[in-house]
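Letter by letter, the chains look like this.
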Amino acid sequence: MKKLAILIAFLSIYSVTKAQGDYEPKMVILAPFATTIDPNLKAETDKQTEALKSSPMATGQLPADGGKPENIKLMAKSTFSFFKRVSFSKTISLTAQDYLIYKFYEHFENCLILLGSETSGGELADLQKIAVKENTTYVLNFPKVSFYKENKQTVCKIQVQLYDVQSNQILFNKEYTGGWNNPGFEFACETGTIGCTINNALAPAFQEVIRGVASTNKTIVRARELAEQRAAYIEKSVYPKTFDALLVKDVVKDSTVNFNNLYQNFYSPDRAKFVAFFITTLDKKDAKPLLAAKSDNNVKIITSKNIKYSGYLDQRPQTYAYIVTGINYLGKWYYKKSEATYFDADDAKAGKLEFLNNLQGWDYFADNSAEPSDGFWDGELFRKVQDKRKDPDWEKYKKMWADDEKENREYVGQYELIADELKAGKREAEKKFRQRLVDLILPHYENMVKSKLNHFAKLGANYQFLNLIYPASGDVVLNPFKVVDENGVARIRFFVLIPKDNQLYEWTLPKPYVLKKGEYTDEPITNTIKAFTTWNFADETLEDDAFWKEKILLKDGGSYKYLKLIR
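Remember, predicted model here, so these are calculated numbers, not experimental data.

Visitor: Any chance you could explain unusual backbone geometry here in plain terms?
Guide: Peptide bonds are trans in most cases, and residues, glycine excluded, mostly fall at negative phi. Residue glutamate 24 is joined to proline 25 through a cis peptide bond whose omega torsion reads -10°. Position of proline 25 among the secondary structure elements: in the loop between α1 (2-16) and β1 (26-29). Its identity is not glycine, yet asparagine 151 carries a phi of approximately 55°, on the positive side. Considering the arrangement of structural elements, one finds asparagine 151 in the loop between β5 (144-150) and β6 (153-164).

Visitor: Just to check I follow, could you spell out the packing of aromatic side chains for this structure?
Guide: Any two aromatic rings considered together are summarised by their centre-to-centre distance and by the angle between their planes. Under the counting rule described, the total for this entry stands at 37 aromatic pairs. On the numbers, 5.4 Å between centres and 45° between planes, the contact of tryptophan 377 with phenylalanine 382 is tilted. On the basis of relative accessible area, phenylalanine 382 is assigned to the buried category, the value being 1%. Ring centres 5.1 Å apart and planes at 70° place the aromatic pair phenylalanine 547 and tryptophan 548 in the edge-to-face group. For phenylalanine 547, a relative accessible area of 1% gives the class buried. Three or more aromatic residues joined by ring pairs form one cluster here, namely Tyr233, Tyr263, Phe266, Phe277, Phe355, Trp362, Tyr364, Phe365, Phe376, Trp377 and Phe382. Directly above the aromatic system of tyrosine 267 lies the positively charged group of arginine 271, at a separation of 4.2 Å from the ring centroid. Just above the ring of tryptophan 401 sits the side chain of lysine 388; from NZ or CZ to the centre is 4.3 Å.

Visitor: Just to check I follow, could you spell out the confidence of the model for the protein for this structure?
Guide: Parts of the model with low pLDDT should not have their predicted coordinates read in detail. This prediction gives the protein a mean pLDDT of 87; 89% of its residues lie at or above 70. When the criterion is pLDDT under 50, residues 1-21 qualifies, and its contacts beyond four places in sequence or with other chains add up to 41 contacts.

Visitor: Sorry if this is basic, but what is going on with the nonpolar core here?
Guide: Generally speaking, a soluble globular protein has its nonpolar side chains buried in company with each other. Core analysis: the biggest nonpolar cluster contains 44 residues, and Met27, Ile29, Leu100, Leu140, Phe142, Phe147 and Ile158 have the highest contact counts within it. Setting aside its immediate chain neighbours within four residues, leucine 100 contacts Met27, Ile29, Tyr105, Ile113, Leu140, Phe206, Val209 and Ile210. Judged by nonpolar contacts, the second largest core, of 25 residues, contains Phe343, Trp362, Phe365 and Phe376.

Visitor: Is there a simple way to explain the environment of alanine 370 in this structure?
Guide: Along the chain, alanine 370 falls in the loop between α11 (348-356) and α12 (394-408). Distance from alanine 370 to isoleucine 234, taken between C-alpha atoms, is 9.4 Å for residues 136 residues apart in sequence. Not counting residues up to four positions away in its chain, the partners in contact with alanine 370 are Leu226, Gln229, Arg230, Tyr233 and Phe365.

Visitor: What is the right way to look at the environment of aspartate 539 in this model?
Guide: Tracing the backbone shows aspartate 539 in the loop between α14 (522-530) and α15 (545-552). Taking relative accessible area as the criterion, aspartate 539 reaches 19% and is therefore assigned buried. Separated by 70 residues in the primary sequence, aspartate 539 and isoleucine 469 place their C-alpha atoms 8.7 Å from one another. If sequence neighbours within four positions are ignored, aspartate 539 has contacts with Lys406 and Thr534. Here lysine 406 takes part through its side chain, which lies 3.0 Å from a polar atom of the side chain of aspartate 539.

Visitor: Just to check I follow, could you spell out the side chain of serine 78 for this structure?
Guide: The residue serine 78 is located in helix α4 (residues 70-83) in this model. A distance of 3.0 Å separates a polar side-chain atom of serine 78 from the backbone oxygen of methionine 75.

Definitions and limits used
Residues numbered from 1 in each chain as written. Predicted model: local features only at pLDDT ≥ 70, side-chain atom pairs only at ≥ 80, totals over all residues. Heavy atoms only, no water. Helix = DSSP H or I, 4+ residues; strand = E, 2+ residues; numbered from the N terminus. Phe/Tyr/Trp six-rings, centres within 6.5 Å; stacked < 30°, edge-to-face > 60°. Buried < 20%, exposed > 50% of the residue type's maximum accessible area, 1.4 Å probe, protein only. Lys NZ or Arg CZ within 6 Å of the ring centre and 35° of its normal. pLDDT = per-residue confidence, 0-100. Contact = heavy atoms within 4.5 Å. Core = buried A, V, L, I, M, F, W, Y, C linked by side-chain atoms within 4.5 Å. Polar contact = N/O pair within 3.5 Å; in protein donor to acceptor, adjacent residues only side chain to side chain.

So this is what it looks like as structure tokens:
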């Protein structure tokens, strides 16, 4: 279990170093050298080859790069060139490139996984020559490939080699065989297809490739060594350190936090911030129900079994750990329980150390060092709200980020922990305010139906769920409302409430919208209001003084020009 803790920390370290230096890892993937196809499969593979040759990648032009990073451009260019001489057996190389980019890019944004034009029978000198020519560290080679029938099933056998130029060695040289059943998950395919045989043969080979790179890549090796050094520091200097829990106990009033499970905490030098670590061992019979508990958000579950294992969902990790972080702001403490994790540990100490090793990914250590960093108290656990509009990718993603940016605008520069609590308080106050408005408006509508006034014959289904539009001040409220008249005609009419005196008016500037049978109300409401101001249902408030003053509350001779009092 200690190895798992170090591995998790190691991944967090080399994720941070992903953009440093030259492209890495650098790999060229060769096309199969010798391919044998059972005559009974020739028609199928020829058909696949023709389909590949007529695909857009084979017949089109290289797409514009759109300002993409240089390594992405190089990889796309190599794929495009590879397609010019494509054949069915070369889908092995294409699949390898696709999967390895997907796996390596997560941690190395500057990886370079290219497709090569050469082939090799697998001799060491030949692979070295190719690596030097391509200026690459690794060569992934497929010297022999065969497709054949066995027990009425199509089978693919692939010889796979991974060459490392640093040691001038072939790191592994093995044969892998795959049948045509769908393996699911990352290698999902249609059962019974020849493409499935390739996926099944390559799946275990790719794990060997990744292990080979991880064991020889200098950056990864250095990251692993650093992770081990940091783990040793945590075990010798952080874990046994005496701690004072009085302040944490005084601040944290959360029924899901059990102080009997507190095993370490520490404070910033000014004692304005803290982080506390909690852990407990669960009885096996109680573990699974706890996994379904809804008291924690973003729960992590680390199990010893692969998700493909048939009993994966029935596993019951017995160690449960979490942290509580706190910040004192303007004399008030704000705190948050987070990083809830279920996992298996060999014993109590191993579990505590494993969870403490998360510090390696939380900026506890200085860059490229096993010494603590002064930046921890403004690091991952104490992030501040960023102004999305200043992000270099704002123009590219502003439509996607717009709602999030708007929600966080007033909190830019504030600690996320504090901002989250302030937003939660604001949402609760907003909920209470909206309920008060509903309680004021609904009696007006219900009384009009009862008295058969103002063409209120019937209220629409779910009429109690009101669309309420108002400025932050809350002194005026616009409510588009579906009303059915005495002739059975459904209309959207627009009403305005002045909360301070509980007076309801009908807004006469827009005409009531007659709904067609089965028509929803959202689009007509949006289109009507957009004729006067900028608004959509995602907006919490409508901040447009000109709209409220000139289109709603404008007076003429002492009376509202566009509002008709509902009596």
